[in-house]
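# Descriptive structure summary
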Amino acid sequence: MYLGLAILSAAALAFEITLTRLFSVTQWYHFAFLAISVALLGYGASGTLLSLVPRWARPPAVRRASIGSLLFALSIVGAYLGLNYIPFDSYRIACEPIQLLYLTLTYLALAIPFFCAGLVTGVLLAAYAPQAAPLYAANLLGSALGGVVPVLLLPLLGEGTVLAIAALGLLAVPAFQFSIPDRRGAVHHRVLHIPLLFLCLLLAFLAWDLPAALELRLSPYKGLSQVLRFPDAQIIWQRWNSFSRVDRVTSSAIRSAPGLSLNYPGDLPAEDGLFVDGDDLSPVLLDTTEVQTFTDFLPAALAYQLRPAARVLVLEPRGGLDLWLALSHGAESVVAVESNPLLVEAAGAVYQDPRVKVVTEEGRSYVRRSGERFDLIHLSLSDSYRPVTSGAYSLGERYDLTVEAFQDYLAQLRPGGLLVVERWLQLPPSEELRAGATAVEALRRAGVQEPASHLAVLRDWQLGLILVRSGPFTASELAAIRQFAQARGLDLVALPGLTEAETNQYNVLPESVYYRAFQRLLLRPKQLYADHPYLVHPATDDRPFFFHFFRWSQTPAILQQLGKTWQPWGGSGYFVLLALLAIAVVTSIGLIVFPLAVSPTFQASKELRGRVLIYFGLLGLGFLFVEIPLIQRFILFLGRPVYAFTAVVASLLFFSGLGSLSVARLPVRRTLPVLVVMLWFYPLGLPVLIQALLGFPLLIRLLATGLSLAPLGFLMGLPFPGGLAWLREEAPGLIPWAWAINGCASVLSSILAAIIALSAGFSWVLAAAGLTYAGAWLVLRRTRG
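The rules behind these values
Residues numbered from 1 in each chain as written. Predicted model: local features only at pLDDT ≥ 70, side-chain atom pairs only at ≥ 80, totals over all residues. Heavy atoms only, no water. Helix = DSSP H or I, 4+ residues; strand = E, 2+ residues; numbered from the N terminus. Rg over C-alpha atoms; globule rule 2.2 N^0.38 Å. Buried < 20%, exposed > 50% of the residue type's maximum accessible area, 1.4 Å probe, protein only. Contact = heavy atoms within 4.5 Å. Areas by Shrake-Rupley, 256 points an atom, 1.4 Å probe, with all protein chains shown as cover. Lys, Arg positive; Asp, Glu negative; His and termini not counted. Charge placed at Lys NZ, Arg CZ, Asp CG, Glu CD. Axes fitted to C-alpha atoms, helices over the stretch in contact; angles between N-to-C directions. Parallel < 35°, antiparallel > 145°, perpendicular 65-115°, else oblique. Left-handed = near helix turned anticlockwise from the far one by under 90°. Core = buried A, V, L, I, M, F, W, Y, C linked by side-chain atoms within 4.5 Å. Pairing = 2+ DSSP bridges. 1 Å grid on protein atoms, 1.4 Å probe; cavity = no way out; pocket = protein on both sides within 12 Å on 5 of 7 lines; lining within 4 Å. Points joined across faces, edges and corners; volume = space filled by probe spheres on them. Nonpolar A, V, L, I, M, F, W, Y, C, P; charged D, E, K, R; others polar. Phe/Tyr/Trp six-rings, centres within 6.5 Å; stacked < 30°, edge-to-face > 60°. Lys NZ or Arg CZ within 6 Å of the ring centre and 35° of its normal. Patch = residues over 30% accessible without salt bridge, like charges linked within 9 Å, V, L, I, M, F, W, Y side chains within 5 Å. Salt bridge = Lys/Arg side-chain N within 4 Å of Asp/Glu carboxyl O. Expected span 1.5 Å × (residues − 1).

## Observations regarding the overall build of the chain
Secondary structure assignment for the chain yields 30 helices and twelve strands. Computed over C-alpha atoms, the radius of gyration of the chain comes to 28 Å, within 12% of the 28 Å expected from 2.2 N^0.38 for 785 residues, which places it in the range of a compact globule. Principal-axis analysis of the C-alpha atoms places the extent of the chain at approximately 90 × 55 × 50 Å. The proportion of buried residues among the 785 residues of the chain is 65%. Within the chain, residue pairs in contact and separated by at least 24 positions form 75% of the contacts whose partners lie at least 6 positions apart. As displayed, the chain has an accessible area near 29,400 Å², and 64% of this comes from carbon and sulfur atoms. In the chain, 56 side chains carry a positive charge and 51 a negative one; their mean positions are 13 Å apart.

## Some thoughts on the packing of helix H23 (residues 575–598) against helix H29 (residues 735–760)
Across the interface, H23 lies against H29 with an axial gap of 10 Å and an inter-helix angle of 165°. Taken together, the axis directions place H23 and H29 in an arrangement best described as roughly antiparallel. H29 is crossed by H23, and the crossing has left-handed handedness. Contact residues: H23 offers Leu577, Leu578, Leu580, Leu581, Ala584, Val585, Ser588, Leu591, Ile592, Pro595 and Leu596, while H29 offers Trp737, Ile741, Cys744, Val747, Leu748, Ile751, Leu752, Ala754, Ile755 and Leu758.

## A short note on the nonpolar core
Leu124, Val612, Phe616, Val626, Leu630 and Tyr773 are the most contacted members of the largest nonpolar core, which has 170 residues in total. The element contributing the most residues to this core is helix H24 (residues 606–638), with 19 residues.

## Looking at the sheet that holds strand S2 (residues 244–250)
Taken in spatial order, the four strands line up as S1-S2-S3-S4 in an open sheet, and their pairing is antiparallel. With one partner strand each, in any of the chains shown, strand S1 (234–241) and strand S4 (279–285) form the two edges of the open sheet. Strand-to-strand twist in this sheet, taken as the mean axis angle between neighbours without regard to direction, amounts to 20°. Bridge count for S2 against strand S3 (residues 271–276) is five bridges, and the pairing is antiparallel. Bridging across to S3, Thr250 finds its partner in Asp272.

## Comments concerning empty space enclosed by the protein
Summed over the entire model, instances satisfying the criterion amount to seven cavities of 30 Å³ or more. The space that makes up the second largest cavity amounts to roughly 530 Å³. Lining the second largest cavity we find 26 residues, and of these Leu40, Asn139, Leu140, Phe623 and Leu653 sit closest to its centre. Elements with a minimum of two residues in the lining of the second largest cavity: helix H1 (2–26), helix H2 (33–52), helix H5 (132–146), H24, helix H25 (641–661), helix H28 (719–730) and H29. Here the lining of the second largest cavity takes five residues from H24, the largest share from any one element. When the residues that make up the lining of the second largest cavity are grouped by side-chain class, the tally is 17 nonpolar, seven polar and two charged.

## Quick notes on the pairing of strand S9 (residues 413–424)
Taking burial as the measure, the twelve residues of S9 include ten buried ones, the bulk of the element. Note: strand S8 (residues 374–379) against S9, five bridges, orientation parallel. Paired with His378 across the bridge in S9 is Val420. In this structure, S9 lies alongside strand S11 (residues 463–469), joined through seven bridges in antiparallel fashion. Of the residues in S11, the one forming a bridge with Leu419 is Val468.

## Topic: the packing of aromatic side chains
The way to describe two aromatic rings as a pair is by their centre distance and the angle between their planes. Going through the model one piece at a time under the given rule, you end up with 19 aromatic pairs. Ring centres of Tyr43 and Trp739 lie 6.3 Å apart, and the angle between their planes is 85°; this geometry places the pair in the edge-to-face category. Of this pair, Tyr43 sits in helix H2 while Trp739 is found in helix H29, placing the two residues 696 residues apart along the sequence. The exposure classification of Tyr43 matches that of Trp739, with both residues buried. Between Phe720 and Trp739 the ring centres are 6.0 Å apart and the planes differ by 65°, which places this aromatic pair in the edge-to-face class. Remark: Trp739 occurs in helix H29 and Phe720 occurs in helix H28; sequence separation between them is 19 residues. Under the relative-accessibility criterion, Trp739 is labelled buried at 10%. The residue whose ring lies beneath Arg434 is Phe549, and the NZ or CZ to ring-centre distance is 4.6 Å. Over the ring of Phe297 we find Arg488; its NZ or CZ atom is 4.6 Å from the centre of that ring.

## So, a nonpolar patch on the surface
Taken together, the side chains of Val677, Trp680, Phe681, Leu684 and Leu771 define a hydrophobic patch exposed on the protein surface, amounting to about 550 Å² of accessible area. Here the nonpolar patch takes four residues from helix H26 (residues 668–693), the largest share from any one element. Position of Trp680 relative to the elements: it lies in helix H26. Given the relative accessible area of 40%, Trp680 is considered partly exposed.

## Quick notes on H5
With 15 residues, H5 should cover 21 Å at 1.5 Å per step; its first-to-last C-alpha distance of 21 Å lies within 8% of that length. H5 sits mainly inside the fold: twelve of its 15 residues count as buried. Here H5 has its buried residues at Ala132, Ala133, Leu135, Tyr136, Ala137, Ala138, Asn139, Leu140, Gly142, Ser143, Ala144 and Gly146. Those residues of H5 that are buried lie in contact with H1, helix H4 (98–127), helix H6 (149–157), H25 and H28.

## Considerations on the pattern of salt bridges
One pass over the full model with this rule turns up 28 salt bridges. The partner of Glu362 in a salt bridge is Arg640, with the nearest N and O atoms 3.6 Å apart. Here the residue Glu362 occupies a position in the loop between strand S7 (356–359) and helix H16 (363–370), and Arg640 occupies one in the loop between H24 and H25, the gap between them amounting to 278 residues. Overall, Arg640 belongs to the buried group, its relative accessible area being 19%. Several salt bridges share partner residues, and in doing so they unite Asp383, Arg398, Asp400, Arg423 and Glu431 into one network.

## Focus on the sheet that holds strand S10 (residues 455–459)
With respect to topology, eight strands assemble into an open sheet ordered S7-S6-S5-S8-S9-S11-S10-S12, the strand pairing being mixed. Pairing within the sheet leaves two strands with one partner each, and these edge strands are S7 and strand S12 (491–494). Averaged over all neighbouring strand pairs, the angle between strand axes comes to 20°, with direction disregarded. Sheet topology places S10 next to S11; five bridges connect them, and they run antiparallel. Across the sheet, Val457 pairs through a bridge with Ile466, a residue of S11. Against the sheet, helix H13 (residues 321–328) contacts strand S5 (311–315), strand S6 (333–337), S7, S8 and S9, and its axis sits at roughly 170° relative to S6. In this fold helix H18 (residues 431–445) packs onto S9, S10 and S11, with an angle of close to 160° to the strand it touches most, S9.

So far we have only geometry, and geometry alone does not tell us how the molecule works.
What follows is the structure, encoded as structure tokens:
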């Protein structure tokens, strides 16, 4: 029975993690939080059903557990088909009411597997209440092991990983059947194992050799989908790893040169395109005969004119355009730090140039580890243009664009070295203005009293170029910048001694808005941050949401344009989170209250039911308030969202499982205050750990992640089985309801955590977690025993 529950729990968490990857490819990365809320909604609904049908939770329950495991495995296949074939379109949702139906169907299809897994867990916890602690431990320990399954299988199977996880879920069925006490059905059970084995083999075969009908279907608005609409476009290379899917596409229509001067006299070179998770096209040059002339008209060529024969560090060069820029302008040496080895393999030639040293790791980790000094550090433009008007892309973390990141880069520059940053232009100024604000704040933290003398900003019609110098610009450099801008038709935005009359001359706007915005940034930053139409204060490691520009003053404009702009969710952006929260609140209230109205098993007093509601509700809120910000915080430390998700979740669940086994020896009333204090001190200690070990090898960082989360996870594993032990004594019939409450509260927690992190930072989410566990402790103090 314990083995069956562990296998099922492993498959459930593996499916949840895989869903985050599927959302990243089919939609966008910031949709991945839906995977968590979908999973927890299924768990909450399962507890509600058990409250309504209490006879399912009576021993022997392992037969029902085996049926639930079978339904779980089959529903995974159904959920994947639903994700692939239900024609939900987030862009059309404001103008086509049927899209709401499609969204509901998609949500339900994805929730059913977790409903089945939750049903099995709830049945066993209620039917075998005296063994609740080891059962809960089996659930947590199995989940922890399941966290590594996608990391191992995605590089081998890609989207076929879903079918392999379904096969894993099927293995729980015979485990439960072997524990059925009725031996008279033993022969019957063995007969059932034959079709189960056949189904497992079939799923494994399909996972390895996926039919075209089961291949993942991307949103038609992703860059890859758009390019493949050209008649001669075709994918010539495709690979998965645990954190991305990379495609190389050939087409005569691909021409990408962000920021290329309109004065460029030649023809654009032939290119292939690289796509990561179906988006963010990065060019791969096929014809390099005229590469110097071509790259000389890119804005970043200015940095190489100012620093000839430079030692260059290029961060995240993707398809390699910025490497060709460095090589063609006579760089003495080039270090290419690309965190995705698939991109290095797919791009080919430029990474094989003997003048290029290739390093496959995260940029900040390399900068911390290497100790090298450079004349130029070029932060490549690795993402596509995205409108920021509504906050539709707010949830994506960018740890390479935070104040702390810029401090790391500036620290590795030689005297007089340049940090080169390129960002897309937006109106009103936002993306490039925040990048400038980040650079200015990094300079100020480094002790620079006059950041304006270290900053040069230029623009064309689409791209902004920011140069940050280690030391003030010299008179000859300023003259060279003005000459380059005039020759390339670039407008000056910020430069020592610049006047407004010298700006807005080539790519003319009605007003010189970029110059004025940067002047305010340099002279009156607090006033700029307070009254600018967008939120443009610098991103930090505690709030790394570089693309979160939403502020509440935008509300009237967003509501006025709702459904009139071609953006996801009709342009509602940040309000999607609030809408999801409202839906989750209404759904959770219904799932929690409905059993009270119709089930005959709720004979406990109102006071006891109130304490159960508050205690298990606070536990549900608290666990995710810890888990989600830690996942997002460890993205910086481990480099990839899937690594952070797997390491944090697996560590917390593994040590929570060990804690659950210890609940009989460690009274929860005594351990909860320790947990609360620890949560309030974690935001202070965690940044120190990350900064100290960021430059260490990944294996060391993974080990440090597990060890740093061990005490936290251990203590978090105690309150839930401790609460079940209290409930078993006072009202065992309420155990399924407690399971429902915990799951529903977790749905709310997953969304609230995102909102708090965007608004205040990860530290405040952990502080909120401490408050919820403190509330649970106060409730527990009033119980007997």
